[in-house]
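Breakdown of the fold
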Amino acid sequence: MPSLDVLDAAMLRAGRAVPAINRLGGGQVALAAPEQPWRLVGSDAAVYQLRQPTGRVVALRCPLADTADRNVALRHRAMATDPGVKRLREAPGSPLLPEVAYLADGLALTGPDLRSVTHPVVAMEWVMGPTLLAAADRACQAADGPYLAALADAWAAALVTLADGRFAHGDLTASNALVRPGGGIVLVDYDTCSWQGSPPPPVGRGTLGYAHPTGAVPTDPQRRDDFAALVIYASLRVLAVRPELREAHGEEPTQVDGTLLFSPWDLVDPERSTLFAALLELGDPGAEAVVDALRRACLVRVDACPPLADVVTSYRRVVAGGAPIRGGASTTAPPAAMGTRQRPGSGTGAGAPAAGARSGDPRERQGRLTRLNSLLLAGDEEGARRYWESSGLAQDAEAVREVGPRMAEIERRRLLGQARAAAETNDTAGFLRLWETQGFDDFRPAQALKPVAETARRRAQAVARLRAALDTGDVATVARLWPELRGDSLVSALAIRVADVLQGFFGETIAKQLERGDDAGVQAAVRDAEALGVKVTAETRRAARAA
């Protein structure tokens, strides 16, 4: 089994030991200290951070296991090509990462007999937000109930989207869910995922504290997330009302697979659980209905656990004044959450309201407006923007009417600065995202960047043609477009697929030339391959030198 020390050493000499980096387009492994790569460690993998020249940040997930499950590779490769999964990934606010690549020979480590042994690496987008557990833990420490309620809404939206797409993650925990800085939940670690037509998922029961207390798994593989999704949803709903309960009942988030609120023992016997007993009198009918659904789900067969969408519908009905859905098939299921403890002070996560209570006291509100105006008069627009968000004024309808247009203008200029910085660093993807979402075409201060926007759009169209060529196996078009687009952030996620296509094409071409004894053809093919950044084997290079 690759130890952490072995993986750390490989990352420090990545040029020789981590072929995945060259296939991804190069870059440097981030360091926490001299001779110490920055990493996150879970129960079955270590994740390193790769920073590329384009500004893209990639997560390199290295399994802590001797052998790779063949179906893991099949699932990752199928995810890259399955049309249904592709639509789900590309949907607005999708909880799936846009690109995940499985590199079977991404690591080259020295084996016991001093021979090189390859190990897989999974490469994916690095999400800059905290884990769901870290975000919830920080909010509990700050007693920020509205933020926890917003996390519950974001969690429900993400899981209902997956269920509608008949996609199951298979091992939901609060560490496998991240909160995007711009809003929304995204799931990572797809070793156990399944969907209609996918390779078979693993048989395992899931993570203790998230799995159904019977240890069974649903008959329908696409419903494997129901129980875990409900436990996390119920935990967030409870903590939104009583955030102090996490300190008393949740496990330390530094513990691998630690729970958010409900322990495995609470789920095994909810009738004797002191936590469930305490939650009977929460004083919040909606949260009580969700807890009751979780309690009942612990007591029924796993196949009888309701989908999270049903529980959310029941919650909203109760909040709106209707009756909760109780009993029988209208019950719900459990598991909890986990991660690494982060205390208040760092940024908050997705979809949550700004910190700061919205007070009904006119004097308090006027005091906040006075402070905001003093920041604006002093010319501290960045300070004013931060205070606008943190003070609760951005959610105050009257304040929005009075100051909203001015704050919107400040925010738009700030985002224009980000677009300008993206253009200067050749981050076409980041530039286009800002330009299109903010409607800068009609924004007078952005007019000087219009030529840059036109160039970026043309490159985006070329990337679309490249993607289509990859999907159809049109190697000639891939070879024609790649020199122009290589190194652009728009195509960094496609680098692995391009490398695979070109490597296969040139490998076959060179083999044919060698077979025919065409020395000039071998030399030309090797030159063309290396010009496109295709890695040529040492054997082929020796043949070219001989030619």
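Residues numbered from 1 in each chain as written. Predicted model: local features only at pLDDT ≥ 70, side-chain atom pairs only at ≥ 80, totals over all residues. Heavy atoms only, no water.

1. Some details on the environment of alanine 134
By the element assignment, alanine 134 lies in helix α6 (residues 132–141). With a relative accessible area of 1%, alanine 134 lands in the buried category. Along the primary structure alanine 134 and leucine 260 are separated by 126 residues, whereas in three dimensions their C-alpha atoms are 9.7 Å apart. (Helix = DSSP H or I, 4+ residues; strand = E, 2+ residues; numbered from the N terminus. Buried < 20%, exposed > 50% of the residue type's maximum accessible area, 1.4 Å probe, protein only.)

2. Here we look at the packing of helix α7 (residues 145–164) against helix α13 (residues 308–319)
As a packed pair, α7 and α13 sit with axes 9 Å apart at the nearest point and diverge in direction by 140 degrees. Relative to α13, the element α7 is oriented oblique. Crossing geometry of α7 relative to α13 is assigned as left-handed. Between α7 and α13, the contacting residues are Trp155, Ala156, Leu159 and Val160 on the first element and Leu308, Ala309 and Val312 on the second. (Axes fitted to C-alpha atoms, helices over the stretch in contact; angles between N-to-C directions. Parallel < 35°, antiparallel > 145°, perpendicular 65-115°, else oblique. Left-handed = near helix turned anticlockwise from the far one by under 90°. Contact = heavy atoms within 4.5 Å.)

3. Some points on helix α14 (residues 362–377)
The terminal C-alpha atoms of α14, which comprises 16 residues, lie 22 Å apart, in line with the 22 Å expected from a rise of 1.5 Å per residue. Considered for burial, the residues of α14 that qualify are Arg365, Arg368, Leu369, Leu372, Leu375 and Leu376. In a view along the axis of α14, the buried residues occupy a sector of 120 degrees, so they form one face of it. Of the exposed residues in α14, the ones pointing more than 90 degrees away from its buried face are Arg363 and Leu377. Residues of α14 that are buried make contact with α15 (381–390) and α16 (397–424). Looking one or two places after α14, you find glycine 379, whose phi comes out positive at around 80 degrees. (Expected span 1.5 Å × (residues − 1). Arc of directions from axis to C-beta.)

4. Things to note about the nonpolar core
Proteins that are soluble and globular tend to have nonpolar side chains buried together. Ranked by size, the top nonpolar core spans 79 residues in total, and within it Leu132, Trp155, Tyr233, Leu236 and Phe262 carry the most contacts. Ranked by the residues each element gives to this core, the list is headed by helix α8 (residues 226–241), at twelve residues. Not counting residues up to four positions away in its chain, the partners in contact with leucine 132 are Leu151, Trp155, Ala174, Ala177, Leu178, Val179, Ile185, Ile232 and Leu236. Counting residues in hydrophobic clusters, the runner-up holds 24 residues, among them Val58, Ala101, Leu103 and Leu109. (Core = buried A, V, L, I, M, F, W, Y, C linked by side-chain atoms within 4.5 Å.)

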